[in-house]
Amino acid sequence: MDAHTPPPPEAGPAAAPAAGITLVIDGVEITAAPEASILQAAAHGTAALTANIGCMGQGVCGSCRCMVRRQGERQVETRLACETRAEAGMEVSFIDYFIPEHRHVYDIAEVTESWGLLDQLNAIFPEAAHCRHCGGCDRACPKGIAVQQGVALCVAGDFDAAARGFDECVMCNLCTLACPEHIRPNNLGLFVRRATAALTLRPIDLVRRLREIEQGAMAVEIPPEAGAGAAPAVEHDA
Amino acid sequence: MRAIPATRGPRGAPPPPPPLAALLQSNALLDDAALAGATPLRADVLVLGGGGAGAAAALAAAGAGRQVILATKLRMGDSNTVMAEGGIQAAIGPEDSLQHHFDDTLRGGHNSADPHLVKQLVTDGPAVIRWLIGLGMHFDLEKEAGLGARLLRKKAGGTTVPRILSHRDVTGLEMMRVLREAVELHPRITVMNRCPAVELLSDDAGACVGAVLYDLEHRRFLLLRSPAVILATGGSGRLHLGGFPTSNHYGATADGLVLAYRMGARLRDLDSFQYHPTGVAWPAPLAGGLISEAVRSAGAWLVNGHGQRFVDELLARDIVAAAILREIAEGRGVTRGGRVGVFLDTPGLLARQPDLLETRLTGLKHLAHKAGFDPRREPFLVAPTLHYQNGGAVIDPQGETTIPGLYAAGEVSGGVHGRNRLMGNALLEIISFGRRAGAHAAARPVAAYSRGGIEHVHRWQRALAAAGLPRAPRAPLLYPDYAPFSLRQHAAA
């Protein structure tokens with residue numbers, strides 16, 4: 001399609017209209033469109049955002065994690081700003097990224113022994129068995145994942161169920177922030193997901209195709225006219 | 001306009017859209033004072049960009065024993081990769097072949113792709129899937145798991161054989177969280193978040209020997225010397241070319257194109273962008289966001305204001321997008337809340353296949369939840385959204401640009417797709433060419449770290465002055481222009 005096609009009339013980035021709602025984001029009063037998300041409100045604020053912003057609305061990168069207090073409420077909730085609608089009188093604080101004190105280092109290529117997976121899990125994530133069931137992770141998760149149960153499934157060795165439980169995790173690290181035992185539930189869940197795929201996923205159609213390629217039975221021929229529609233390239237000559 | 005031919009294009013190259021041309025003709029952000037005060041650093045391989053291509057490149061280079069720095073403007077993983085929904089192409093079906101994949105890709109791109117790059121892409125496909133599984137990425141299976149299971153294959157628009165492999169409709173999320181963890185845990189990779197590249201470094205021979213980064217946390221410039229630099233900076237959707245909304249992440253501001261062009265790299269197909277047919281038109285807060293091609297692949301119809309289907313929903317993306325724009329332009333669109341589009345008939349689809357929402361279209365389920373309605377009862381209103389930069393830096397099959405030492409992988413590169421991209425070929429491209437660039441960059445001799453400088457910038461500035469443009473605006477843009485950002489003010493504060 002031609003890049004210069006006239007835009008459809010409704011198109012263009014969502015800009016803040018003259019009349020909107022007012023909320024406070026990181027101490028600054030912002031006026032936003034009535035239906036805007038917190039993130040859209042912040043992005044069209046007084047200065048360009050350089051952190052806590054990524055996918056801008058899809059809810060998959062986990063950057064825009066924030067604490068939210070609605071007008072008239074005492075309770076503070078953790079949310080993804082891109083998935084939460086801005087409301088009048090709302091108070092929002094974005095949560096900085098932090099250098100984690102505890103790292104659970106492993107190389108997935110060295111997780112090769114399925115008989116010993118449970119032992120390896122305990123060796124890499126020794127804190128996981130110490131869950132005190134405070135429920136902080138469950139309250140912190142903006143995706144509604146049953147984090148505490150997921151940790152218990154990992155520790156019990158119920159790996160497939162644990163992997164399914166963390167399927168919708170976007171690695172926002174809010175459960176890790178909330179955990180007083182330094183379990184790092186999201187990293188634990190991802191370890192189990194990675195291990196189950198790497199240890200058990202052996203699709204036979206892929207195996208067969210890889211063998212065909214190795215044996216040279218899958219050559220690609222470039223026809224003489226291939227690429228004839230290409231436009232010339234540009235470079236400057238300064 | 002001999003010195004700065006970006007707007008006109010020499011030798012018959014079609015011109016880029018004006019906002020992109022303006023960025024290509026811009027002045028540097030960096031001056032000599034900033035350079036003199038910069039903190040020096042070294043790496044064997046420098047990767048710019050924290051999406052899938054950057055991660056794959058970093059893992060390949062580190063796997064070859066090199067010390068790698070991966071610097072990224074936002075944060076590792078904040079990228080278009082993590083947002084990818086539909087899946088990844090690899091020719092693994094018994095009725096499929098690498099040749100079919102090659103033919104489909106070349107035809108989908110209107111026979112304008114570089115056939116040698118396409119051959120490399122499709123040949124790498126199955127090995128890429130195996131590599132991803134080895135890192136711990138899940139793929140959907142046809143039936144139950146177990147030895148002998150087969151991968152679930154979906155059909156992409158414009159292809160002859162079902163070839164899309166996926167993890168539900170959140171394939172990019174599954175891929176990116178695995179890649180990010182692998183990168184962050186790797187002992188030879190240092191990740192530098194919030195460190196956008198503001199200029200490349202050149203040596204006397206014109207090779208790329210590093211980059212200047214701006215460290216937003218510490219408000220300082222970093223002079224990073226490296227014998228190989230891999231651009232994995234992605235695309236340019238946040239320029240909102242043509243006034244379109246975009247499906248892209250916040251950082252897609254064409255930074256890599258600007259830096260590569262200023263250094264003298266050859267670029268191609270800069271006028272060619274992909275508009276994804278099914279961007280959200282209504283509800284307004286979600287406008288521009290994407291509804292995965294997986295929804296059409298599963299059988300959803302596009303319906304105009306007269307209640308009629310108007311296009312085969314599974315043709316190539318550019319054709320379907322053009323058909324939607326035509327319906328709107330000729331008055332057969334649907335208006336809702338001041339927004340115009342056509343219906344994506346999810347109620348029809350989910351009546352025919354009621355379990356889809358829970359099994360394969362979880363992304364759609366989340367989107368509908370955010371929109372506040374039930375997709376079984378109400379359809380989305382869709383219109384094309386700016387999705388993908390088809391063109392970019394010219395590369396060879398190892399990912400090297402026309403500048404020695406400068407590599408490009410992923411959306412910032414051009415030639416892999418030609419002038420239109422098929423669904424699922426972007427996720428394949430970033431891993432295939434990311435790994436190739438990383439491995440090839442790792443093979444460069446590291447013995448001598450060149451001093452490097454910005455002589456190419458001085459040359460460029462003299463050309464700007466000669467062309468009467470000494471006060472050209474400064475770029476790379478770094479952030480979209482929704483709110484003001486000044487690097488100088490930020491660095492001075």
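Keep in mind that this is a model prediction, so the values were computed, not measured.

*Asks:* So what's going on with the overall build of chain B? Residues and values would help.
*Replies:* When helices and strands are counted, chain B shows 15 helices and 21 strands. For chain B, whose C-alpha radius of gyration is 22 Å, the value lies close to the compact-globule estimate of 23 Å for 493 residues. Along the first, second and third principal axes, the C-alpha set of chain B runs to 65 × 55 × 45 Å. Here chain B, with 493 residues, has 68% of them falling under the buried criterion. In chain B, of all internal contacts separated by at least 6 residues, the share reaching a separation of at least 24 is 74%. Entry remark: accessible area of chain B is about 15,500 Å², with carbon and sulfur atoms responsible for 52%. Distance between charge centres in chain B, computed from 52 positive and 43 negative side chains, equals 3 Å.

*Asks:* With reference to specific residues and values, describe the side chain of Asp140 of chain B.
*Replies:* Residues and elements named next belong to chain B. Along the polypeptide, Asp140 turns up in the loop between helix H5 (115–135) and strand E6 (164–165). Buried and unpaired, Asp140 has no salt bridge, with Arg168 as the nearest side chain of opposite charge at 5.4 Å. Sequence-distant contacts of Asp140, defined by excluding residues within four places in its chain, comprise Leu151, Leu152, Ser166, His167 and Arg168.

*Asks:* With reference to specific residues and values, describe the pattern of salt bridges.
*Replies:* A side chain of one charge can pair with a side chain of the opposite charge when the charged atoms of the two come close. The tally for this structure, following the rule as stated, stands at 38 salt bridges over all chains. The residue Arg132 of chain A makes a salt bridge to Glu181 of chain A at a minimum N-O spacing of 3.0 Å. Remark: Glu181 of chain A occurs in the loop between helix H6 (174–178) and helix H7 (185–200) and Arg132 of chain A occurs in the loop between helix H2 (117–124) and helix H3 (136–140); sequence separation between them is 49 residues. Note that Arg163 of chain B and Asp96 of chain B form a salt bridge whose closest N and O atoms lie 2.7 Å from each other. With Arg163 of chain B in the loop between H5 and E6 and Asp96 of chain B in the loop between strand E5 (88–89) and helix H4 (98–108), this pair connects stretches of sequence that are 67 residues apart. Exposure remark for Arg163 of chain B: the relative accessible area of 1% places this residue in the buried category. Each of Asp167 and Arg193 of chain A together with Arg168, Glu174 and Arg177 of chain B takes part in salt bridges that share partners, so that together they form one network.

*Asks:* Provide a residue-level description of the domain arrangement of chain B, including the pertinent values.
*Replies:* Where interface size is quoted, it is often the accessible area lost as the parts come together. Residue and element names in this part refer to chain B. According to the domain assignment, chain B contains domain 1 (10–272 + 390–442) and domain 2 (274–387). Averaged C-alpha coordinates put domain 1 and domain 2 at centres separated by 28 Å. Taken together, the contact pairs 25 residues of domain 1 with 27 residues of domain 2. When domain 1 packs against domain 2, close to 2,200 Å² is buried across both sides, 48% of that on carbon and sulfur atoms. Taken together, the links from domain 1 to domain 2 amount to zero salt bridges. Taken together, domain 1 and domain 2 are joined by 21 residue pairs in polar contact (both at pLDDT 80 or more). Taken together, the residues that form the side of domain 1 that touches domain 2 break down as six nonpolar, 12 polar and seven charged.

*Asks:* Explain the sheet that holds strand E19 (residues 406–408) of chain B residue by residue, including any values.
*Replies:* Two modes of strand pairing occur in sheets, parallel and antiparallel, and in both the strands are linked by backbone hydrogen bonds. All names here are of chain B. If you walk across this open sheet you meet the five strands as E7-E4-E3-E11-E19, and the pairing is parallel. Only two strands of the sheet have a single partner each, and these edge strands are strand E7 (189–192) and E19. Across the sheet, the axes of successive neighbouring strands diverge by a mean angle of 20°, strand direction being ignored. Pairing of strand E4 (residues 68–71) with E7, which is carried by four bridges, proceeds in the parallel orientation. Bridge pairing links Ile69 to Thr190 in E7.

*Asks:* Could you give an account of the pairing of strand E10 (residues 220–225) of chain B, with specific residues and numbers?
*Replies:* Residue and element names in this part refer to chain B. With five of its six residues buried, E10 lies for the most part within the structure. The pairing of strand E9 (residues 208–215) with E10 spans six bridges and is antiparallel. Along E10, the bridge assignment pairs Gly210 with Arg225.

*Asks:* Account for unusual backbone geometry, with residues named and values stated.
*Replies:* Residue and element names in this part refer to chain B. Of note, the bond from Trp282 into Pro283 is cis; its omega dihedral lies within 30 degrees of zero at 5°. The topology assignment puts Pro283 in the loop between strand E13 (273–282) and helix H8 (293–297). The omega torsion of the bond from Ala475 to Pro476 falls at 10°, within 30 degrees of zero and hence cis. Tracing the chain through its elements places Pro476 in the loop between strand E21 (474–475) and helix H15 (487–492). Positive phi is not limited to glycine here, since His110 has a value of about 55°. Inspection of the secondary structure assignment puts His110 in the loop between H4 and H5. With phi around 70°, Leu478 is a residue other than glycine that occupies positive phi space. By the secondary structure assignment, Leu478 is in the loop between E21 and H15.

*Asks:* Talk me through the interface of chain B and chain A; I want residue IDs and the actual numbers.
*Replies:* Taken residue by residue, the interface counts 113 residues in chain B and 85 residues in chain A. Surface buried jointly by chain B and chain A totals about 8,300 Å² across both partners, of which 59% is contributed by carbon and sulfur atoms. Three residues, Arg177, Leu185 and Tyr250 of chain B, lead the burial of chain B against chain A; their summed loss comes to 8% of the area buried on that side. Applying the counting criterion to the chain B and chain A interface returns five salt bridges. In terms of residues, the side of chain B that touches chain A owes the most to one element, H5 of chain B, which gives 12 residues. Here the residues of the side of chain B that touches chain A are counted per class, giving 63 nonpolar, 23 polar and 27 charged.

*Asks:* Outline the domain arrangement of chain A, listing residues and values.
*Replies:* All names here are of chain A. As far as domains go, chain A holds domain 1 (21–94) and domain 2 (108–200). Measuring from the centre of the C-alpha atoms in domain 1 to the corresponding centre in domain 2 gives 29 Å. Each side of the interface is counted separately: domain 1 has nine residues, and domain 2 has nine residues. Each partner contributes to the roughly 690 Å² buried at the junction of domain 1 and domain 2, and carbon and sulfur atoms together form 53% of this total. Of all residues in domain 1, the largest losses of buried area upon contact with domain 2 belong to Arg65, Thr78 and Leu80, amounting jointly to 60% of the total for that side. Counting across the domain 1 and domain 2 interface gives one salt bridge. With a closest N to O distance of 3.1 Å, Glu83 and Lys143 form a salt bridge. Here domain 1 is connected to domain 2 by four residue pairs in polar contact (both at pLDDT 80 or more). When residues of the side of domain 1 that touches domain 2 are assigned to their parent elements, the largest contribution, three residues, is made by strand E4 (residues 77–80). Residue composition of the side of domain 1 that touches domain 2, grouped by class: three nonpolar, three polar and three charged.

What counts, and at which threshold
- Sequence positions are assigned chain by chain, starting from 1 and proceeding in written order.
- By the order in which they are written, chains take letters starting at A while ligands take numbers starting at 1.
- Only residues with pLDDT of at least 70 are given local features in this predicted model, and only at 80 or more are side-chain atom pairs given and counted; all residues enter the totals for whole chains, interfaces and linings.
- Side-chain metrics in this entry use all non-hydrogen atoms of the structure; hydrogen atoms and water are not considered.
- The helix and strand labels rest on DSSP assignments: H or I over at least four residues marks a helix, E over at least two residues marks a strand, and numbering proceeds from the N terminus.
- Restricting the calculation to C-alpha atoms gives the radius of gyration, and the globule rule supplies 2.2 Å times the number of residues raised to the power 0.38.
- Only protein chains enter the accessibility calculation, which uses a 1.4 Å probe. A residue is then buried if its area is under 20% of the maximum for its type, exposed if over 50%, and partly exposed in between.
- Note on contacts: a residue pair qualifies if any of its non-hydrogen atoms lie within 4.5 Å across the two residues.
- Per-residue and other accessible areas follow the Shrake-Rupley method at a 1.4 Å probe size, with only the shown protein chains counted as cover for residues.
- His is not counted here, nor are the chain ends, while Lys and Arg score as positive and Asp and Glu score as negative.
- Every charge is mapped onto a representative atom, which is NZ of Lys, CZ of Arg, CG of Asp or CD of Glu.
- We count a salt bridge whenever a side-chain nitrogen from Lys or Arg sits within 4 Å of a carboxyl oxygen from Asp or Glu.
- For the domain bounds, the source is a domain assignment made automatically or taken from a database.
- Buried area: the accessible surface (1.4 Å probe) lost by two parts on joining, summed over both.
- We call two N or O atoms a polar contact when they sit within 3.5 Å, provided that within protein one can donate a hydrogen and the other can accept it, with sequence-adjacent residues counted only if both atoms are side-chain atoms.
- Side-chain classes follow a simple rule in which Ala, Val, Leu, Ile, Met, Phe, Trp, Tyr, Cys and Pro form the nonpolar group, Asp, Glu, Lys and Arg form the charged group, and the remainder, Gly included, forms the polar group.
- Between any two strands, pairing holds if DSSP finds at least two bridges.
- Between N-to-C directions, angles cover 0 to 180 degrees, with each direction set by a line fitted to C-alpha atoms, over the stretch in contact for helices.

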